[in-house]
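Coordinates in review
Listed below are the residues making up each chain.
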Amino acid sequence: MSKILLSIHVLAAVLAVGPVAVAAGMFPAAVRRGDVKAATLLHRICRVYAYAAVAVPVFGFGVAGTMHVMGDPWLLVSIGLTAVAAAVLGLLVLPRQKRLLAEESTSDVLGRLAMFTGVFNLLWAAVTVLMIVRPGSSTGA
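About the cut-offs
- Residues numbered from 1 in each chain as written.
- Predicted model: local features only at pLDDT ≥ 70, side-chain atom pairs only at ≥ 80, totals over all residues.
- Heavy atoms only, no water.
- Buried < 20%, exposed > 50% of the residue type's maximum accessible area, 1.4 Å probe, protein only.
- Salt bridge = Lys/Arg side-chain N within 4 Å of Asp/Glu carboxyl O.
- Helix = DSSP H or I, 4+ residues; strand = E, 2+ residues; numbered from the N terminus.
- UniProt positions renumbered as here; feature names shortened; annotations may be inferred.
- Expected span 1.5 Å × (residues − 1).
- Axes fitted to C-alpha atoms, helices over the stretch in contact; angles between N-to-C directions.
- Parallel < 35°, antiparallel > 145°, perpendicular 65-115°, else oblique.
- Left-handed = near helix turned anticlockwise from the far one by under 90°.
- Contact = heavy atoms within 4.5 Å.
- Nonpolar A, V, L, I, M, F, W, Y, C, P; charged D, E, K, R; others polar.
- Core = buried A, V, L, I, M, F, W, Y, C linked by side-chain atoms within 4.5 Å.
- Arc of directions from axis to C-beta.

By the naming in an unreviewed UniProt entry, the protein goes by DUF2269 domain-containing protein and is assigned to Amycolatopsis iheyensis.

Right under this line is the structure:
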């Protein structure tokens, strides 16, 4: 069962978080170019896939339960970083994208959006590394 849950967990991460990371990274450039159509599409991708990305931690908890690693420090840090990444996306990235699309754009908003998008992507990179390396894990993998 853990292999099935792990497969779904990884697929959800690749297919849901990946598009958000890429679209969010492309959004500031589309705004700078004045390409409203592309920026609108990229914002929609970020918003829709953010909801789909909820499957990642849901199946992650299932995997952790079957592997009996729920209390391991690497997993707790990963859970914390995932929560922070979700907060950055939901509270900092998506609202700024929406603000820029409503033509309340200033270079300050665009600069901060690019920074928060970078933070979001770095958080997911850190979670990915922790999931692979699993320092202190007792699973031997």
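Moving on from the coordinates now.
1. Brief notes about unusual backbone geometry
Glycine aside, negative phi is the norm for most residues, and most peptide bonds take the trans geometry. In the Ramachandran plot, H68 falls in the positive-phi region, its phi being about 60° despite a non-glycine side chain. In this structure H68 comes out as exposed when scored by relative accessible area, which is 69%.

2. Regarding the pattern of salt bridges
Applying the stated rule across the entire model yields two salt bridges. Note that D108 is salt-bridged to R112, the shortest N-O span being 3.3 Å. Of the two residues, D108 and R112 are both situated in helix α5 (residues 107–133); the distance of four residues between them amounts to about one turn of the helix. Under the relative-accessibility criterion, R112 is labelled partly exposed at 40%.

3. Some thoughts on the UniProt feature "transmembrane region" (unreviewed entry) in the protein
Feature annotation in UniProt assigns "transmembrane region" (unreviewed entry) to the following positions: residues 49–67, 74–93 and 113–133. Along residues 49–67 the backbone is 89% helical and 0% strand, and the end-to-end C-alpha distance reaches 27 Å. Along residues 113–133 the backbone is 100% helical and 0% strand, and the end-to-end C-alpha distance reaches 30 Å.

4. Let's talk about α5
An ideal rise of 1.5 Å per residue puts 39 Å on 27 residues; α5 measures up with 39 Å between its terminal C-alpha atoms. Directly beyond the C-terminal end of α5, a positive phi value near 45° is found at R134.

5. Brief notes about the packing of helix α1 (residues 2–33) against α5
α5 packs onto α1 with a crossing angle of 160° between their chain directions and a minimal axis gap of 10 Å. With respect to their mutual orientation, α1 and α5 come out roughly antiparallel. α5 is crossed by α1, and the crossing has left-handed handedness. Seen from α1, the contacting residues are H9, V17, V20, A21, A24, G25, F27, P28, V31 and R32; seen from α5, they are L110, L113, A114, T117, F120, N121, W124 and M131. Of the residues belonging to the contact of α1 with α5, the class tally is 13 nonpolar, four polar and one charged.

6. Quick look at the nonpolar core
If you look at the biggest cluster of nonpolar residues, it comprises 29 residues, and the most contacted ones within it are F27, V88, L89, V93, L100, F120 and W124. At the level of secondary structure, the elements contributing two or more residues to this core comprise α1, α2 (36–52), α4 (73–101) and α5. In this structure, V93 is in contact with A24, V88, L113, F116 and T117, ignoring residues within four places of it in sequence. Counting five residues, the second largest nonpolar core, distinct from the first, contains A64, W74, L75 and L130.

7. So, the environment of L123
Looking at the element boundaries, L123 is found in helix α5. You can call L123 buried: its relative accessible area is 13%. C-alpha separation for the pair L123 and S107, spaced 16 residues apart in sequence, amounts to 24 Å. The residues contacting L123, other than those within four sequence positions of it, are L81, V84, A85 and V88.

8. Some words on helix α3 (residues 55–67)
For α3, built from 13 residues, the straight-helix expectation of 18 Å at 1.5 Å per residue is met to within 8% by its first-to-last C-alpha distance of 18 Å. Here α3 has its buried residues at V56, G60, V63 and A64. Buried residues of α3, seen end-on, are gathered within an arc of 100° and therefore sit on one face of the element. Where α3 is buried, its residues touch α1, α4 and α5.

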